[in-house]
Amino acid sequence: MMKRTIVLLATVLAACLIVSAVRGDMVLVENGTPKATIVIAKESVGAVTEPTAVTFWSPQPTSNKVAAAALDLQTYVEKMTGAKLPIVGDDQNPEGTLILVGRSALTKDFDAKIPAGMTPTRDEEGYVMITKSKRLLLAGNDAPVYHGTEYAVSALLHSLGVRWYMPGDFGECVPKQPTIKVDDLDVTSRPDFKMRNWWGPQSPDQCLLEYRWKIRNGMNPVLHFITIPADSSIRSVLPPAAELANTNFAEVWGQTADGKPNIGMPNLTSEKSVQYAAEKIKETFRKNPEQTSYGLGGDDGYPRDYSPGTLKRNMGMPDVGGRVGVAGDMSTTEEWMEWVQAVAKEVYKEFPDRIITSNGYANRNVPPIGIVPDPKIWIMFAAIWSDTMHAYDSPLSWMTLRQSEMIRRWASMYKNVYMYNYLYYMLAGCGAPIPLAHKHMHDMPLYKQWGVVGFSDEGRTVRGESGVFPTYLRARMMWDVKLDAKALMEDFFANWYGPAKAPAMAFWEELENTFEMTPWLGHEDRILPYVYSQELIAKLEQHLKEAEDLATDPWSKPRVLADRVVLEHLKAFMAMSRAEFDADFVEATKQAQRMIDVRKDATALSRFYFDPQPTTGESFGYYYWGSVARRDYYQKMADITTGKTGK
């Protein structure tokens, strides 16, 4: 465990209210003067520290990751103290107090303690922080998909009071202190979840900022940490459409409902399709020996094989949202998983250490019945039909209770089940606020308890919609599910809002309680006007006015202004919904435009609140029925109903 004590220093950053320092025998900075040297492997000196907008999803070279970690340490120590610690290579024979960042020629005495290696099971991630004889070691597993050394540096900085609440300069808090001393560190930390990532369709420069923010908060930004069974990836192990006339493939493809070849589905009960797919996968592994996994996912929607043998194998049970007797609504999990496992079995004959991944999604999300599972297969579970607002143990939501049963069943059959959650929360929510910190506090420990191994989530992380704290909380709980979430919340609101802490917290807690206690269930915005109420908006207005009266300093004032944008945006959303319901399309157009306009004040603070696309004006991520699309549609309806363009 970490052994350190905190001394309250007199100097405090006026803007950010964190007060923190570490005392001990090892002095890193004293009264603004550098007293330590950062040492890295010589090959990391001068290495590129940031990926590009093209490569940020991919594994980065170890030298780059170590260089990035050293630069972060140097940068934030300088922001805290004014002192710039030098960075040198391990070939320079440095003396005095040394901070060893990553493995190097000087870490040999510690190397046995540093997590290392990478296998298909992805169990080796972690970092250490160790002090010994004027040496501070900050290092971790930096194998291709891991970022251990960067996590070690971030953990030290976090212990010193540095906070990264959202990406970019606006989102960070850095305490001012002239001296930093550390002592008695002997920490080994490993994540509670293997996979810790989400994606969001943000602009390229925003993606790079969020990449760094994710690492600083313990997330892993590698997309194919294990190969994702993407939509239509099944087609990679099927004959090309150009071969339709080739009768040799007749039993490889599945069939459509009218008996024609289905070029997007294998025949799930044909040995020929198993052999064909297995050979395709083995060819890939032969050509790419560094690739350790392969993903198999059907087309998006409800793909099905109507071959006679497969229809006979089907259990005849409707999917969660399906209808009895309607073939297209039947669950196909049994025949799908038996086929995937048969393919995997053939692949293992040549590549026993490789992993096959598949998905529990759409008509394959109900756990299979009556089959012997292959525990090596990774399962990506995605239930787009489910309520996204309530916790899994909420008695108010049959949907989340049902989904929790499904997750537990999958995880009891397969050792590596991970979540593909939808971080839109409301698929077409238009940016109305949906903070779900309470849900995360409930759900994250349950995921761990059930055996879920991580997250590779889809969606947008627009802080004007999700809130700043819930997103930060969820990121940090991915690494440490046992962290004190309430203490983290107190820490956040004190640092983020300063003197306006109490009413600002009351503002967001009103919203949190509303979503936690609403009887409405779903994942599309048609229910949102009923979740919110005029009584809620009146309470939010009261809390916000109190916060505005207290937020008079340069730090808290803009953060409370961002909350004002959230509230005015919500008012416009509710007014637009009422106008649409009344078929007052002129007013609905006006209110949709008002939402777009009111976002600008928050965007001026940080584009992570709302980030408008230059070509459309819509915020990045709102590609389903966003404010711009609604405004244009309502304008069209207004023109028609007023006789301007038609009847």
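Residues numbered from 1 in each chain as written. Predicted model: local features only at pLDDT ≥ 70, side-chain atom pairs only at ≥ 80, totals over all residues. Heavy atoms only, no water.

Focus on the overall build of the protein
Moving on, step 1. Each helix and strand counted, the protein has 17 helices and 21 strands in total.
Moving on, step 2. In terms of overall size, the protein behaves like a compact globule, its C-alpha atoms giving a radius of gyration of 27 Å where 647 residues would be expected to give roughly 26 Å.
Moving on, step 3. Sorting the 647 residues of the protein into buried and exposed places 60% on the buried side.
Moving on, step 4. Put simply, 73% of the contacts in the protein that link residues at least 6 apart link residues at least 24 apart.
Moving on, step 5. With the model as given, the accessible surface of the protein reaches about 25,600 Å², and the carbon-plus-sulfur share is 56%.
Moving on, step 6. A distance of 2 Å separates the average location of the 71 positive side-chain charges in the protein from that of its 79 negative side-chain charges. (Helix = DSSP H or I, 4+ residues; strand = E, 2+ residues; numbered from the N terminus. Rg over C-alpha atoms; globule rule 2.2 N^0.38 Å. Buried < 20%, exposed > 50% of the residue type's maximum accessible area, 1.4 Å probe, protein only. Contact = heavy atoms within 4.5 Å. Areas by Shrake-Rupley, 256 points an atom, 1.4 Å probe, with all protein chains shown as cover. Lys, Arg positive; Asp, Glu negative; His and termini not counted. Charge placed at Lys NZ, Arg CZ, Asp CG, Glu CD.)

Describing the packing of helix α8 (residues 437–450) against helix α10 (residues 468–479)
Moving on, step 1. Where α8 meets α10, the closest approach of the two axes is 9 Å, and the angle between their N-to-C directions is 10°. Judged on the interaxial angle alone, α10 and α8 are roughly parallel. Remark: the crossing between α8 and α10 carries right-handed chirality. Across the interface between the two elements, Ala437, His440, Met441, Met444 and Pro445 from α8 touch Phe469, Pro470, Leu473, Arg474, Met477 and Met478 from α10.
Moving on, step 2. A class-by-class count of the residues in the contact of α8 with α10 yields 9 nonpolar, 1 polar and 1 charged. (Axes fitted to C-alpha atoms, helices over the stretch in contact; angles between N-to-C directions. Parallel < 35°, antiparallel > 145°, perpendicular 65-115°, else oblique. Left-handed = near helix turned anticlockwise from the far one by under 90°. Nonpolar A, V, L, I, M, F, W, Y, C, P; charged D, E, K, R; others polar.)

Focus on the confidence of the model for the protein
Moving on, step 1. In the predicted model, the protein carries a mean pLDDT of 93, and the fraction of residues at 70 or more is 96%.
Moving on, step 2. Low pLDDT, under 50, characterises residues 1–15; the stretch is placed with 36 contacts to residues that sit more than four places away or in other chains. (pLDDT = per-residue confidence, 0-100.)

As for unusual backbone geometry
Moving on, step 1. Positive phi outside glycine occurs at Asn31, with the angle close to 50°.
Moving on, step 2. If you trace the backbone, Asn31 turns up in the loop between β3 (26–30) and β4 (33–34).
Moving on, step 3. For Asn31, a relative accessible area of 60% gives the class exposed.
Moving on, step 4. Located in the positive-phi region is Ala583, a residue other than glycine, with phi close to 60°.
Moving on, step 5. Of note, Ala583 is situated in the loop between α15 (556–581) and α16 (585–605).
Moving on, step 6. With relative accessibility at 46%, the residue Ala583 sits in the partly exposed group.

Description of the side chain of Glu335
Moving on, step 1. One can find Glu335 in helix α6 (residues 333–350).
Moving on, step 2. Buried charged residue Glu335 carries no salt bridge. Nearest counter-charge: Arg304, at 4.6 Å. (Salt bridge = Lys/Arg side-chain N within 4 Å of Asp/Glu carboxyl O.)

Considering the sheet that holds strand β9 (residues 135–140)
Moving on, step 1. Spatially, 6 strands are ordered β6-β5-β7-β9-β8-β13 in an open sheet, and the strand pairing comes out mixed. Each edge of the open sheet is held by one strand with a lone partner, namely β6 (87–89) and β13 (186–189). Averaged over all pairs of adjacent strands, the angle between strand axes in this sheet comes to 20°, irrespective of strand direction.
Moving on, step 2. Pairing geometry for strand β7 (residues 98–101) and β9, over 4 bridges, is parallel. Pairing of Leu98 across the sheet is with Arg135, part of β9. (Pairing = 2+ DSSP bridges.)

Quick word on a nonpolar patch on the surface
Moving on, step 1. Taken together, the side chains of Tyr623, Tyr624, Trp625 and Tyr633 present a nonpolar region at the surface, about 400 Å² in accessible area.
Moving on, step 2. Classification of Tyr633 by relative accessible area gives partly exposed; the value is 38%. (Patch = residues over 30% accessible without salt bridge, like charges linked within 9 Å, V, L, I, M, F, W, Y side chains within 5 Å.)

Points about the packing of aromatic side chains
Moving on, step 1. Counting across every chain of the model gives 42 aromatic pairs.
Moving on, step 2. Where Tyr165 meets Tyr472, the ring centres are 4.8 Å apart and the plane angle is 75°; that geometry is what we call edge-to-face. Of this pair, Tyr165 sits in the loop between β10 (163–164) and β11 (172–173) while Tyr472 sits in helix α10, and the two are 307 residues apart along the sequence.
Moving on, step 3. The class of Tyr165 is buried, set by a relative accessible area of 0%.
Moving on, step 4. Taking relative accessible area as the criterion, Tyr472 reaches 0% and is therefore assigned buried.
Moving on, step 5. Both rings, one in Tyr447 and one in Phe455, keep their centres 5.0 Å apart while their planes meet at 75°; by these two values the pair is edge-to-face.
Moving on, step 6. With a relative accessible area of 4%, Tyr447 lands in the buried category.
Moving on, step 7. Counting every residue linked through ring pairs, the aromatic cluster contains Tyr165, Phe170, Phe469, Tyr472, Phe492, Phe493, Trp496, Tyr497, Trp555 and Tyr609.
Moving on, step 8. Between Arg122 and the ring centre of Phe225, over which it is positioned, the NZ or CZ distance is 5.9 Å. (Phe/Tyr/Trp six-rings, centres within 6.5 Å; stacked < 30°, edge-to-face > 60°. Lys NZ or Arg CZ within 6 Å of the ring centre and 35° of its normal.)

Points about the sheet that holds strand β18 (residues 355–361)
Moving on, step 1. Judged by pairing direction, the sheet is parallel, and its 6 strands sit side by side in the order β14-β21-β20-β19-β18-β17 without closing on themselves. The sheet terminates laterally at β14 (195–198) and β17 (293–296), the two strands that pair on one side only. Taken over all neighbouring pairs, the strand axes of this sheet differ in orientation by 25° on average, direction set aside.
Moving on, step 2. Judged from the 4 bridges that link them, strand β19 (residues 378–382) and strand β20 (residues 416–419) form a sheet pairing that is parallel. Note that in β20 the partner of Phe381 across the bridge is Met419.

A short note on the nonpolar core
Moving on, step 1. Leu73, Ile99, Val101, Trp339, Trp496, Tyr532 and Phe573 are the most contacted members of the largest nonpolar core, which totals 166 residues.
Moving on, step 2. The element contributing the most residues to this core is α15, with 11 residues.
Moving on, step 3. In this structure, Trp339 is in contact with Ile234, Val237, Pro266, Asn267, Leu268, Ser273, Val274, Ala277 and Leu296, ignoring residues within four places of it in sequence.
Moving on, step 4. Tyr146, Tyr361, Trp378 and Val453 belong to the second-largest nonpolar core, a separate cluster that totals 20 residues. (Core = buried A, V, L, I, M, F, W, Y, C linked by side-chain atoms within 4.5 Å.)

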